Amino acid sequence: MNVPDDLRYTTDHEWARLEDGRLRVGITDYAQDALGDIVFVQLPEAGATVEAASSVGEIESTKSVSDVYAPVAGDVIEVNGQLSEQPQQVNDDPYGEGWLCVIDPSDPAAFGTLLDAEAYRRLTSS
Amino acid sequence: MTAPLAGVPAAGGRATSAPLMGRDEEPTLFELSSPGRSAWSFRTTNLPEWDAAELVPAEHLRSEPAPIADASERDLVAHFTRLTHRQYSVDLGAYPLGSCTMKYNPKLCDDAASLPGLTGAHPATPAHLAQGWLELLADLADRLCRITGMHDATLQPPAGAAGELTGLLLMRAWHAEAGRQRTKVIIPDSAHGTNPASVTLGGYQTVTVPSDDRGCVDLAALRERLDEDVAGIMLTNPNTLGLFEEDIAEMATAVHEVGGLLYYDGANLNAILGVTRPGDMGFDIVHMNLHKTFAVPHGGGGPGAGPVAVSERLAPYLPGPLPERGEDGEYRWRMPERSIGRVHSWHGNALALARAYSYILANGADGLRRVAEVAVLNANWLRHRLRASYDVPFDRPNMHELVVSTTSLKKASGLRALDVAKRLLEEGFHAPTVYFPLIVDEALMIEPTETESPQTLEALAQALERIGASPEGAKEAPRTTPVGRVDEARAARRLIPTWDARPLAATDAAAEHMQAPSARY
């Protein structure tokens, strides 16, 4: 299972990457594997304000529909529009082309409170 | 693997004999079409012929003929008969689709629902001319109340989900009458997917309560979520893991203490018929899936029947009109005083109700109890048997269904729940429910129902054991059915819900194309 060291994680299997004070967000390799073939991704509107751990979208696979949660509170400033045509990118490249949205966090320190790679590895191997 | 016992009849639950497993795909009617052929002909009508343009205003006339397949009556009947023979059904073999209660439907119930006195009545027939129908409906409602421990019932909702919405609207009306502004409804994380959907349609927010390590509602977590905003809780008991919620009395007390109501999702009522009753557990609103529990053919869109029964304090809000016997012995329609109104046209799916009524009468109280007992026995037998070959995440006495998992098999050989389901088709059985409930990894949810014999259960168990022991080829399964493994992801991503005949019919090349299949088949 691929868990890049430079990312932070949530217990709900989202990842976040710090980019100039903003957070790019997606779901982990573990999550996409558990969901199976993803057929539809519903994302928040750019400009939406989100609470930490609140639902910001849905991912539908051939097995189930699951909520996606915001890792931190803030404003959604960009969403991955490619996913409406190519939801399989979440399966193929969860940490790259399969990103979901970019959040401008209301608290810059929030990123540091997320799980590090080691803690997330422990979570998914238990 | 056990060899069949000498002298024991062969299992009737497998469907591996022809013509079900023919390998060729059935062409569409358009592919069978041959220009100029027709399924009808009149030698003469003795009526004058009119040009459509003389009768129909030009703006309503087609500019070109509708693209309808040209087929003879013989070809048409053969086409649909072949399709009929390719359907898997409860009349054909075992159908262990968890949570759906695909029990065999006795032909007696078909006969009862086909009585001309029932089928010939128009639903608008005045009550005094339809006394038999009203008596049937009133008596059915009464029996359903006695089975569930409730006070009164509506028979209108045409399906389980419609019953759920009706129940939530009743919940809403009851709180509104008392001036309570409630916003939330609690459901367990193992709930049927219809529950959160009904909660949303009913105008409430869903709050999820987790299951504990026994597979039941975590009572402490439930208590944390209970407050004055909670309108009620929706529960299935036994739950979707096939486990009885043992803390139900404590849960009922806790929910009632904050002024909430308990809603019983009756999808699993088959497991407790005649043994215990939702009303005795503290439930206020109960929907029943008559098409599951009381033998009405279902699947493929119904028609079903999802009556809702309620406790005395909610009875004034029931949808109406309700059939009622007056003191003079005459049946009439009555609208409950604070009714939420109709939830379906006329009197619900009346013939499905008649079918369920005949099933209840034919079984009697002792027979219904036996239904539950044998359903539970069958499911427990399967759990004990499958324990050696599959993971059983909650390995304790279950009710009418069991959930096994292929987690260990997936690690060892890559075999997933979906592969097992598809391989089972090759073995001549309908697949179980897969990937539900969501809280179990690689879940296979198996509900044998009371109608499968020990021989059929044995054959089903052997088939599942074979699949677990020899996973080779499972990824390509099913290989013996007319349609093989479907690419579900591609089907969902690029959904084409219609087959458009127009481009084909419009050109000469298309006409040739349409001729071609007849050479193939």
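Below is a short write-up of the structure.

A short note on the overall build of chain A
- Along the backbone of chain A there are 4 helices and 9 strands.
- Along the chain direction, N to C, the helices and strands of chain A fall in the order β-β-β-α-β-β-β-β-β-α-α-β-α.
- Against the 2.2 N^0.38 benchmark of 14 Å for 126 residues, chain A shows a C-alpha radius of gyration of 13 Å, consistent with a compact globule.
- In terms of its C-alpha atoms, chain A occupies a principal-axis envelope of roughly 35 × 35 × 20 Å.
- The buried share among the 126 residues of chain A stands at 45%.
- For chain A, the exposed area adds up to about 6100 Å²; of that, 43% sits on carbon and sulfur atoms.
- Computed over 7 positive and 24 negative side-chain charges, the separation of the two mean positions in chain A equals 7 Å.

Here we look at the interface of chain A and chain B
- Between chain A and chain B, the contact holds 11 residues from the first and 9 residues from the second.
- Both faces combined, the contact of chain A with chain B buries some 770 Å², and carbon together with sulfur accounts for 54% of it.
- Of all residues in chain A, the largest losses of buried area upon contact with chain B belong to A:Val39, A:Thr62 and A:Lys63, amounting jointly to 54% of the total for that side.
- Where chain A touches chain B, the interface holds 1 salt bridge.
- Ionic pairing is found between A:Lys63 and B:Glu442, a salt bridge with its closest N-O pair at 3.8 Å.

Thoughts on the nonpolar core
Residues and elements named next belong to chain B.
- Ranked by internal contacts, the top residues of the largest apolar core, which has 63 residues, are Leu222, Phe283, Leu290 and Phe294.
- Of all the secondary structure elements, the ones that give two or more residues to this core are helix H6 (131-148), strand E3 (205-209), helix H9 (219-225), strand E4 (230-235), helix H10 (248-257), strand E5 (261-266), strand E6 (285-288) and helix H13 (350-386).
- Top element by residues in this core is H13. It accounts for 11 residues.
- Here this core spans two domains, since at least three of its residues come from each of domain 2 (132-363) and domain 3 (371-476).
- One finds Ala379, Phe429, Tyr435 and Ala459 within the second-largest nonpolar core, a separate group that totals 25 residues.

Regarding the packing of aromatic side chains
- Applying the stated criterion across every chain, the model contains 6 aromatic pairs over all chains.
- Each ring, one from B:Tyr88 and one from B:Tyr95, has its centre 5.7 Å from the other, and the planes form 70°; the classification is edge-to-face. We note that B:Tyr88, like B:Tyr95, is buried.
- In this structure, A:Arg8 is placed above the aromatic ring of A:Phe111, and the distance from its NZ or CZ to the ring centre is 5.8 Å.
- B:Arg180 extends its terminal NZ or CZ atom over the ring of B:Trp174, reaching a point 4.4 Å from the ring centre.

What about the sheet that holds strand E10 (residues 402-405) of chain B?
Residue and element names in this part refer to chain B.
- Spatial ordering of the open sheet is given by E10-E12-E11, a layout of 3 strands whose pairing is antiparallel. At either margin of the open sheet sits one strand with a lone partner, and together these are E10 and strand E11 (433-434).
- Two elements, E10 and strand E12 (residues 443-446), share 4 bridges in a ladder whose sense is antiparallel. Looking across to E12, one finds that valine 404 is bridged to leucine 444.

Observations regarding the side chain of B:Glu426
Residue and element names in this part refer to chain B.
- Looking at the element boundaries, glutamate 426 is found in helix H15 (residues 417-426).
- A polar atom in the side chain of glutamate 426 sits 2.9 Å from the side chain of arginine 423.
- One polar contact links the side chain of glutamate 426 to the main-chain amide nitrogen of arginine 479, over a distance of 2.6 Å.

Rules of the game
Residues numbered from 1 in each chain as written. Chains lettered and ligands numbered in written order. Predicted model: local features only at pLDDT ≥ 70, side-chain atom pairs only at ≥ 80, totals over all residues. Heavy atoms only, no water. Helix = DSSP H or I, 4+ residues; strand = E, 2+ residues; numbered from the N terminus. Rg over C-alpha atoms; globule rule 2.2 N^0.38 Å. Buried < 20%, exposed > 50% of the residue type's maximum accessible area, 1.4 Å probe, protein only. Areas by Shrake-Rupley, 256 points an atom, 1.4 Å probe, with all protein chains shown as cover. Lys, Arg positive; Asp, Glu negative; His and termini not counted. Charge placed at Lys NZ, Arg CZ, Asp CG, Glu CD. Contact = heavy atoms within 4.5 Å. Buried area = accessible area lost by both parts, 1.4 Å probe. Salt bridge = Lys/Arg side-chain N within 4 Å of Asp/Glu carboxyl O. Core = buried A, V, L, I, M, F, W, Y, C linked by side-chain atoms within 4.5 Å. Domains from an automatic or database assignment. Phe/Tyr/Trp six-rings, centres within 6.5 Å; stacked < 30°, edge-to-face > 60°. Lys NZ or Arg CZ within 6 Å of the ring centre and 35° of its normal. Pairing = 2+ DSSP bridges. Polar contact = N/O pair within 3.5 Å; in protein donor to acceptor, adjacent residues only side chain to side chain.

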